[in-house]
Amino acid sequence: MQHDISDATVDVCVIGAGFAGLSAARALVAAGRAVRVIEARDRVGGRTKPGMVAGHRVDLGGQWVGPDHRRLRALAARHGIATEPQFETGAKLIEFGGTVKRYEGLIPAIPLLALIETDRVMKRIERMAAALSASAPWAAAGAADLDRDTVDAWLARHVRTAGARALMAIAVRAVFSAEPAEISMLFFLAYIRASGGLEPLISVRGGAQQDRFRGGLHALSEALADEVGRERLRLGRPVAALEQDAAGVTVHGGGEAPLRCRRAIVTVPLALLPRLQVSPPWPSLRQGLAQRSPMGSVIKCHVAYRTPFWRARGLSGEAVSDRGPFSPIFDGTPEGAGEGILTGFLEGEATRRFTARTPEARRAAVIATLTRLFGPEAAHPIDYAENDWLAEDWSGGCYAGLMAPATLTGFGPVIREAAGRIHFAGTETAIEATGYVEGALESGERAAIEVLAALNQDALNTVS
Ligand SMILES: Cc1cc2nc3c(=O)[nH]c(=O)nc-3n(C[C@H](O)[C@H](O)[C@H](O)COP(=O)(O)OP(=O)(O)OC[C@H]3O[C@@H](n4cnc5c(N)ncnc54)[C@H](O)[C@@H]3O)c2cc1C
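Every value quoted in this text rests on a predicted model; they were computed, and no experiment measured them.

Draft legend 1. Looking closely at the site of the ligand. The environment of the ligand is made up of 35 residues, and the closest members are E39, R47, W64, T427 and G435. R47 has a polar side-chain atom sitting 2.8 Å from an oxygen atom of the ligand. In this structure, G435 approaches the ligand through a main-chain N or O atom, which is 2.8 Å from an oxygen atom. Of all the secondary structure elements, the ones that give two or more residues to the shell around the ligand are α1 (19–30) and α15 (437–463). Looking at the shell around the ligand residue by residue, the classes come out as 19 nonpolar, 12 polar and 4 charged.

Here you go:
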């Protein structure tokens, strides 16, 4: 059916009320545009989610904020939401090659040769990432060669000691919730480039795990939804189809009458795009990109104890293990709480192994890892909470979308390209802090600017 531009109900329809969708909507509302945000879940926040453990509010999804995440910090400041530093006083633990060791600072207690090689390879990776353009990593000299390799294949060729390879695999899992064999070397470097380095991605102080929000990160998505205006939000309404013609876009689904808009912004992860019926079909490279951008695999768990007993033993609560399945681990105790909480992840292959098991089996495996690392006191938690993101229908995995070899060079250049009147946001499309809430906010702002320019151009075209 052909529609006229005058029958548009709103200027812009935003699909998805995660941080990207809400940030786009906020900017459009501020510019005086009529906006509707349509969200499949019955809540805002997408990959952030509130939970409770031992009576304390915790984040079941995204949690930390880095020093450079200025948009997220500005949002918190506007709402008087304070941060607290991630607790890191004391020694860290590493389980490596069958033994558990304590260490202080950044240098883990592993054999010297492996340590020297890890340092060398980290520096090389930092240099390679810094040489890429953040907005067009596919255009770099040698990009095709890097995009032919998985991280695993590259490490196998360039790292000799098994210890350094194992340590790098722990870092890859921690950042991508994927195995090194799953992702392209070029994608790995581009993701690092977007956050200013690998060290900032894996660090607490000065890095992506530096601070948490009092009351949880999810509360900031609620604050952002308030800024957009609740009357503009439709929750529990999965969009099923987008029909585009010369004058606008008709949005179908969620048991409501079709909604007509001049422009749409789709913020769902690339992997979920094929679930939307679109007419006309997505441009072929967009379709190919969506088919080749799977999500990572992660289960996040919080384990509560009567006290943070590890602190009394001079431990920070931070730990990693090459055996798993629960690694990495951080002290997740909220400031001022009497109880202690250890927060950590099953990532990549470990998630795949445990997603189909019972919650009891997962809990037992998590506690077994904690007991090996922190001793017998860890065997007696008072509460446990988890969230399997691989099983979340409207995410399909987390933390973010990944790219296997030959994707970024073959399909990447269209990642931020509009398909007619449909524009794209979402942390996967971010130039800065891709994969993080900060990236989601940046992508929403960028898409809003793009749409405002397009709406102005549409208006000029109508007049002329
Ligand atoms: C366990 C975990 C830990 C993390 N840790 C951190 C961290 O510490 N710090 C950090 O910055 N980031 C972290 N992240 C990543 C961060 O949460 C994401 O980068 C960010 O939330 C993505 O926002 P987004 O708006 O791009 O996507 P989403 O949040 O995925 O938003 C997309 C929205 O679209 C909706 N949707 C999907 N399909 C449809 C449809 N058909 N119709 C309507 N709506 C639809 C979804 O329900 C969702 O709400 C973590 C994520 C997880 C899961």
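Draft legend 2. Seen up close, the UniProt feature "binding site: FAD" (unreviewed entry) in the protein chain. Under the feature "binding site: FAD" (unreviewed entry), the UniProt entry names E39, A40, V239 and E428. As for the annotated residues named above, the ones lining the largest cavity are E428. Assignment of secondary structure puts E39 in the loop between β2 (35–38) and β3 (50–53). Beyond its immediate sequence surroundings of up to four residues, E39 is in contact with G16, A17, G18, R234, L235, G236, R237 and P238. A distance of 2.7 Å separates the side chain of E39 from the backbone nitrogen of R41, its partner in a polar contact.

Draft legend 3. Spotlight on the sheet that holds strand β6 (residues 83–85). If you trace the 3 strands from one edge of the open sheet to the other, you get β5-β9-β6, paired in antiparallel fashion. The sheet is open, and its two edges are formed by β5 (64–65) and β6, each paired on a single side. Bridging between β6 and strand β9 (residues 211–213) involves 3 bridges; their strand directions are antiparallel. Pairing of P85 across the sheet is with D211, part of β9. The sheet contacts of helix α2 (residues 70–78) involve β5, β6 and β9, and relative to β9 the element is tilted by about 40°.

Draft legend 4. Representation of the pairing of strand β12 (residues 249–253) in the model. The sheet contact formed by strand β11 (residues 239–244) and β12 spans 5 bridges and is antiparallel. Looking across to β12, one finds that E243 is bridged to T250. Where β11 folds back on β12, the antiparallel hairpin that results is connected by 4 residues. Alignment of β12 against strand β13 (residues 256–266), held across 4 bridges, turns out to be antiparallel. Considered in β13, the bridge of G253 is made with E256. In this structure, the hairpin formed by β12 and β13 is closed by a connection of 2 residues, where G254 is found at a positive phi of approximately 75°.

Rules behind the numbers
- Residues numbered from 1 in each chain as written.
- Predicted model: local features only at pLDDT ≥ 70, side-chain atom pairs only at ≥ 80, totals over all residues.
- Heavy atoms only, no water.
- Near = heavy atom within 4 Å.
- Polar contact = N/O pair within 3.5 Å; in protein donor to acceptor, adjacent residues only side chain to side chain.
- Helix = DSSP H or I, 4+ residues; strand = E, 2+ residues; numbered from the N terminus.
- Nonpolar A, V, L, I, M, F, W, Y, C, P; charged D, E, K, R; others polar.
- UniProt positions renumbered as here; feature names shortened; annotations may be inferred.
- 1 Å grid on protein atoms, 1.4 Å probe; cavity = no way out; pocket = protein on both sides within 12 Å on 5 of 7 lines; lining within 4 Å.
- Contact = heavy atoms within 4.5 Å.
- Pairing = 2+ DSSP bridges.
- Axes fitted to C-alpha atoms, helices over the stretch in contact; angles between N-to-C directions.

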